[in-house]
Amino acid sequence: MNTSYASVVPPPAGADQRLLAGWREERRAAGLAAHRARYGPLPLAVAPDDLLTAIELAGLRGRGGAGFPTARKLRAVAAGPRRATVVVNACEGEPVSEKDHTLLALAPHLVLDGAVLAAHAIAAVEIILCHHEGDPLAGVVHAALAERQGDPVATRLQPVPQRYVASEESALVNLINTGDARPTTKPPRPDERGVGGRPTLVSNAETLAQLALIARFGPAWFRTQGTAESPGTTLVTLSGAVGKAGVYEIALGTPIDRVLGVARPAPTTPAVLVGGVGGAWLPLPAACRVPLAHRELTDAGATLGVGALFVLPPDACGLAETARIMHYLAAQSASQCGPCMFGLPALADDLAMLARGGHVGARLRHHLDVVGGRGACRHPDGAVRLARSALHTFAPDVRDHLAGRPCRYSRRVHIRLHRSGRWPR
């Protein structure tokens, strides 16, 4: 690869100056002229294979939850027998995350640049940007698209129902093809047969924004932040018992206590939920030094997910909060597979009974064993991971509840799980 990454503008400097790069202070979406002045023109002169190689060397991993290597997805689609489609997942179905919403509200052209460059890399014929129905960001994106008359591939918007599983990649493809926003079984995967039967890249909004920066400044620059296995920066949403909730850009590999420190957490918080409602609880302060990176979080029994961290308040009952999340996950399922139709409601009832002091140990363990790994999508897998992490992290509470000493805080609600379109804080 002989591509030069000498941009007409210097690359953004510092872990907090890449994706958001000063746009937060503007409190409005950056226009195309301001975007080009900061990042330079769209580098479409880079050959597709060189762009794929740059993304591979950068080690970019998806920012939508699974953390799959982006270059591998791109190459799988590019190898398909038919012209491809790019689907931008900007739904942000995770209720404790605001990162993609914030990114599109402030830097929509960076996401659109990434989509156009991905289409260039895989020879795609269309781009479809998926957003939740009723989200005011649709207007922001429409205005940004109106400024971009010279893009080589057209972009259209696709509204998606505001349900948790409706933004799963196969559900988005199914919605575009049939109008039914429910996940489908795999194979075939979207990269094999997706929108209109064509190979389809489904990529998260932040992932594509990162791709746009790699295309401009190169893989070596990208790797100046993060770790060897989890390079670059990422957007995280910090909420719960913190004094300054919001979206922050941090270098991957930053220890959890330093990540939380920017939002001024409560001094005696017992746990943090990492990765969103399909993630895992980690105990504090024991997990303070765990790096926010893929391998290290997996080793700790958690997942980076969408980069959301919810700090449990000192006066909260972790078991009761987990039961409420489980009821939410059960209600948000597609109700088309046994694990979601019957397993998740059973898990939610078990956890709620445990929070009230009920003896459900054997039944709960049975449900955990039979629910995971059996659905059309990974929705039940995330729920099982969450429940298991709660039983481990809040083990002393479990013992107290089973001994007839349920927590006096169990009726307080701390995690708000119903979403609506909002302008970022």
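The paragraphs below set out a description of the structure included in this document. (Residues numbered from 1 in each chain as written. Predicted model: local features only at pLDDT ≥ 70, side-chain atom pairs only at ≥ 80, totals over all residues. Heavy atoms only, no water.)

Describing the side chain of E206
Consideration 1: Within the fold, E206 resides in helix α8 (residues 205-217).
Consideration 2: Residue classification places E206 among the buried positions, given a relative accessible area of 0%.
Consideration 3: Of note is the side chain of E206, whose polar atom sits 3.0 Å from the side chain of K99.
Consideration 4: Among the polar contacts listed, one links the side chain of E206 to the backbone nitrogen of L235, at a separation of 3.2 Å. (Helix = DSSP H or I, 4+ residues; strand = E, 2+ residues; numbered from the N terminus. Buried < 20%, exposed > 50% of the residue type's maximum accessible area, 1.4 Å probe, protein only. Polar contact = N/O pair within 3.5 Å; in protein donor to acceptor, adjacent residues only side chain to side chain.)

Quick notes on the packing of helix α13 (residues 338-355) against helix α14 (residues 361-371)
Consideration 1: Packing of α13 against α14 brings their axes to within 10 Å, and their N-to-C directions diverge by 150 degrees. Of the possible angle classes, the one that applies to α13 and α14 is roughly antiparallel. α13 and α14 meet at a crossing whose hand is left-handed. Together, P339, G343, L344, A346, L347, D350, L351, M353 and L354 of α13 and R363, L364, H367, L368 and V371 of α14 make up the contact between the two elements.
Consideration 2: Here the contact of α13 with α14 is built from residues that sort into ten nonpolar, two polar and two charged. (Axes fitted to C-alpha atoms, helices over the stretch in contact; angles between N-to-C directions. Parallel < 35°, antiparallel > 145°, perpendicular 65-115°, else oblique. Left-handed = near helix turned anticlockwise from the far one by under 90°. Contact = heavy atoms within 4.5 Å. Nonpolar A, V, L, I, M, F, W, Y, C, P; charged D, E, K, R; others polar.)

Regarding unusual backbone geometry
Consideration 1: The omega angle of the peptide bond from L284 to P285 is 5 degrees, so this bond is cis rather than trans.
Consideration 2: With respect to the element layout, P285 can be found in the loop between β8 (280-283) and α11 (294-299).
Consideration 3: A positive phi angle is found at A123, which is not glycine, with a value near 60 degrees.
Consideration 4: Its place among the elements puts A123 in the loop between α5 (108-122) and β2 (124-132).
Consideration 5: Accessibility expressed as a relative area gives 37% for A123, which makes it partly exposed.
Consideration 6: Phi at R264 is positive, roughly 55 degrees, even though this residue is not glycine.
Consideration 7: Relative to the assigned elements, R264 resides in the loop between α10 (256-261) and β7 (271-274).
Consideration 8: The exposure class assigned to R264 is exposed, which follows from its relative accessible area of 52%.

A look at the side chain of E92
Consideration 1: With respect to the element layout, E92 can be found in the loop between β1 (84-89) and α4 (99-106).
Consideration 2: At 2.8 Å, the side chain of E92 and the side chain of S97 are in polar contact.
Consideration 3: A polar contact is formed between the side chain of E92 and the backbone nitrogen of K99, at a distance of 2.8 Å.

Quick look at the nonpolar core
Consideration 1: V86, V88 and I122 are the most contacted members of the largest nonpolar core, which totals 61 residues.
Consideration 2: Among the elements that take part in this core, α5 stands out by supplying ten residues, more than any other.
Consideration 3: Each residue touching I122, except ones within four places of it in the same chain, is listed here: L74, V77, A78, A84, V86 and L201.
Consideration 4: A323, Y328, A348 and A352 belong to the second largest nonpolar core, which has 38 residues in total. (Core = buried A, V, L, I, M, F, W, Y, C linked by side-chain atoms within 4.5 Å.)

Brief notes about the pattern of salt bridges
When the charged atoms of two side chains lie near each other, side chains of opposite charge can form a pair.
Consideration 1: Evaluated as defined, the whole model comprises 20 salt bridges.
Consideration 2: Of the charged contacts, one joins D113 and R36 as a salt bridge, the two residues approaching to 3.3 Å between their closest N and O atoms. Of this pair, D113 sits in helix α5 while R36 sits in helix α1 (residues 32-39), placing them 77 residues apart in sequence.
Consideration 3: Overall, the relative accessible area of 0% leaves D113 in the buried class.
Consideration 4: When the shortest N-O distance is used, the salt bridge between R363 and D350 registers 2.8 Å. Linking R363 in helix α14 with D350 in helix α13, this pair joins segments that are 13 residues apart in sequence.
Consideration 5: A network of salt bridges, in which partner residues are shared, links R36, D113, R148, D151 and R216. (Salt bridge = Lys/Arg side-chain N within 4 Å of Asp/Glu carboxyl O.)

From the geometry alone we can't say anything about function, so treat these as descriptive.
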